[in-house]
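Residue-level structural notes
Each chain, written out:
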Amino acid sequence: MGTSLRPAKFDAIVIGSGIGGLTVAALLAKLQHKRVLVLEQHFTVGGFTHGFSRKGKFHWDVGLHYVGDMGRGSTGRAVFDVLTDGQLTWQAMPNPFEKFVYPDFTFAVSTNPQRYQADLIQQFPQEARAIRRYFRDVKQGAFWFGAHTMIDLLPDWFAPIARLGVRHLGAIARQTTQHYLDRHFRNPRLKALLASQWSDYGLPPSQSCFGVHSLIVTHYLRGGWYPVGGGPAIAAAIAPVIERAGGKIIPQRRVTEILLESGTAVGVRAENAAHPEQEPDIYRAPLIISDAGAINTYLKLIPASYPLPVRQQIQSFPKGSSALTVYLGLKDSPQKLGFQGENHWIYATYDHEHMARLPFLPSNAPWPQFVYLSFPSLKDPLAQGHTAEIIVMVGYEPFTQWRQQAWRHRDQDYQQLKAHITQALIDFVETRYPGFATLIEYAELSTPLTVEHFDASDRGSIYGIPCIPARLNQSWVSAKTPIKHLYLTGADASSLGIMGAMMGGVKTAGLVAGPLGFFKTMATIMKEAKSMPPRSVQTVAQQSEEASHSYSP
Ligand SMILES: Cc1cc2nc3c(=O)[nH]c(=O)nc-3n(C[C@H](O)[C@H](O)[C@H](O)COP(=O)(O)OP(=O)(O)OC[C@H]3O[C@@H](n4cnc5c(N)ncnc54)[C@H](O)[C@@H]3O)c2cc1C
């Protein structure tokens with residue numbers, strides 16, 4: 001009724017331009033010569049890899065602070081090189097790249113896993129055996145978690161058998177992280193230290209499965225990398241690959257419904273997010289891929305009239321955590337205080353469970369009890385102004401009272417609460433690093449409502465479906481859906497993080513390619529990546545000079 005009908009000039013439609021969506025779109029374009037339409041509800045593409053600037057000189061990332069396993073020759077690096085036609089440069093973080101900062105003790109994590117292990121043994125010699133075992137076990141845990149995420153690549157008749165096999169053999173990945181740590185370690189400080197990166201997957205040790213803990217730990221065993229130009233450089237480098245094949249990325253197009261005909265996905269209805277009063281558009285294509293997350297896809301985009309038994313399970317599954325982020329513009333280089341670009345995980349106690357449970361409301365002092373501190377400008381040779389970010393995990397509930405109020409039009413109470421939170425987070429860092437507060441020129445806070453608004457993720461969740469042990473039993477956490485020609489991609493189709501969501505994109509592209517498609521896709525990627533000329537450090541420096549205008553207002 002008055003809706004403009006467009007001819008099907010695309011071979012596939014991808015809902016959402018996060019790293020998962022961009023990956024599948026670029027691979028379909030490059031390896032399968034498909035014209036792909038990517039529809040993004042935000043005005044900036046990239047999903048959690050997008051960034052923003054203030055005052056023309058301060059630039060921040062929203063959901064990318066470091067990526068592991070990006071050394072030359074690694075699988076992740078090969079995929080990124082192919083996706084971006086080698087147009088993206090990765091900058092290694094300094095060594096040590098992480099500092100776990102506890103009240104009486106700071107542990108610096110080396111980019112050399114043997115050194116990391118030796119440093120732990122030196123601090124806790126009485127637990128040397130368990131530490132050696134831990135380094136073997138995280139590799140196993142990561143392997144089994146990874147194996148689990150690949151089950152949906154198997155033919156439907158074989159997947160249940162494989163699931164049983166993985167469940168049996170990969171029991172190590174299914175226990176909670178707390179269970180593993182309690183079983184193998186005695187010293188509570190050591191247990192806490194090994195769980196220090198839990199915000200990287202959003203769940204304290206009692207809730208996370210050891211598989212996801214292992215995945216993250218092994219992901220960062222050789223250090224961290226950062227894309228030159230920041231997170232937005234990723235979408236900027238991938239977009240031409242999609243467009244060259246006749247594809248298109250349209251921002252501010254919010255998909256409101258996946259269109260089904262006889263149980264087959266045939267298109268989407270999308271509204272102009274800037275002008276929702278306008279008539280929606282209908283886009284048709286023989287293949288629909290959603291990067292909008294499992295909850296959005298199953299509960300909001302597939303018509304409610306379509307019978308789906310998994311809906312109830314999805315509705316009742318525990319929700320993922322969100323975060324508060326303070327974006328800081330600095331007057332001067334943080335190097336003046338000794339920071340080199342490494343991450344700082346600052347903890348007020350060794351009790352992660354207590355810290356994770358604390359309600360953040362300022363009346364319930366003391367809060368916060370932990371933060372993650374990072375310095376984007378020290379990682380990016382193109383940065384103009386110096387910046388920092390302070391992040392802390394929170395739930396969504398304390399913010400629900402403002403969810404109906406529009407972005408930038410929320411009431412005074414919300415603004416006051418934000419000001420209070422901002423100050424509390426800065427004060428917490430200041431107690432550990434005196435002088436930090438005097439560096440600050442600009443501060444802005446994002447809440448779970450901000451995340452929900454810009455990423456459209458359910459309740460502002462930052463990692464998608466939470467990696468509790470029960471996630472491993474859910475058939476709907478998969479790239480396949482029960483609907484013909486409809487697939488999922490990104491974090492909920494694989495695993496969380498930039499690398500996890502990107503591999504979700506590779507997986508979906510492989511599934512679409514048919515039997516053994518994933519393995520053929522990976523083989524092509526590895527071959528092409530090998531033939532690419534290495535990017536030299538000089539290129540980074542040259543880019544830094546050439547593109548120094550890239551953050552201008
Ligand atoms: C604060 C924070 C810090 C993080 N730090 C790191 C880190 O340092 N390293 C790391 O590896 N990972 C990190 N992550 C996690 C990582 O960013 C994500 O796991 C990953 O980017 C998810 O990618 P995705 O493609 O699955 O989804 P997303 O990036 O969430 O993309 C989904 C896209 O779909 C769009 N969309 C949703 N609904 C619709 C619709 N109806 N119509 C059109 N478009 C729609 C959204 O706007 C969004 O662009 C962090 C995340 C956050 C938020």
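For the structure, see preceding data.
Attention in this report is confined to the structure presented alongside it.

Conventions used here
Residues numbered from 1 in each chain as written. Predicted model: local features only at pLDDT ≥ 70, side-chain atom pairs only at ≥ 80, totals over all residues. Heavy atoms only, no water. Salt bridge = Lys/Arg side-chain N within 4 Å of Asp/Glu carboxyl O. Helix = DSSP H or I, 4+ residues; strand = E, 2+ residues; numbered from the N terminus. Buried < 20%, exposed > 50% of the residue type's maximum accessible area, 1.4 Å probe, protein only. Pairing = 2+ DSSP bridges. Axes fitted to C-alpha atoms, helices over the stretch in contact; angles between N-to-C directions. Near = heavy atom within 4 Å. Polar contact = N/O pair within 3.5 Å; in protein donor to acceptor, adjacent residues only side chain to side chain. Areas by Shrake-Rupley, 256 points an atom, 1.4 Å probe, with all protein chains shown as cover. Nonpolar A, V, L, I, M, F, W, Y, C, P; charged D, E, K, R; others polar.

Details of the pattern of salt bridges
What the rule picks out here adds up to 21 salt bridges. Note that Glu528 and Lys30 form a salt bridge whose closest N and O atoms lie 3.0 Å from each other. Residue Glu528 is found in helix H18 (residues 517-530), and its partner Lys30 is found in helix H1 (residues 19-32); the two are separated by 498 residues along the sequence. Lys507 is the partner of Asp152 in a salt bridge, and the nearest nitrogen-oxygen pair spans 2.8 Å. One end of the pair, Asp152, is in the loop between helix H4 (128-149) and helix H5 (159-169); the other, Lys507, is in helix H17 (residues 497-512), with 355 residues separating them in the sequence. Comparing Asp152 with Lys507 shows no difference in burial state: the two are buried.

What to know about the sheet that holds strand E21 (residues 486-488)
In spatial order, the strands read E11-E3-E2-E15-E21; together these 5 strands make up an open sheet with parallel pairing. Each edge of the open sheet carries a strand with a single partner, namely strand E11 (248-250) and E21. Across the sheet, the mean angle from the axis of one strand to that of its neighbour is 20°, orientation sign disregarded. Pairing of strand E3 (residues 36-39) with E11, which is carried by 3 bridges, proceeds in the parallel orientation. When the sheet's bridge partners are listed, Leu37 is paired in E11 with Lys248.

With respect to the site of the ligand
Not every one of the 32 residues close to the ligand is listed here, only the nearest: Glu40, Gln41, Gly63, His65 and Ala491. Note that an oxygen atom of the ligand is positioned 2.9 Å from one of the backbone N or O atoms of Gly20. In the environment of the ligand, an oxygen atom lies 2.8 Å from a nitrogen or oxygen atom belonging to the side chain of Asp455. With the chains in place, 94% of the 1000 Å² that the ligand exposes on its own is no longer accessible. Mapped by element, the contributors of at least two residues to the shell around the ligand are H1, strand E12 (253-261), helix H16 (448-455) and H17. Residue composition of the shell around the ligand, by class: 17 nonpolar, 10 polar and 5 charged.

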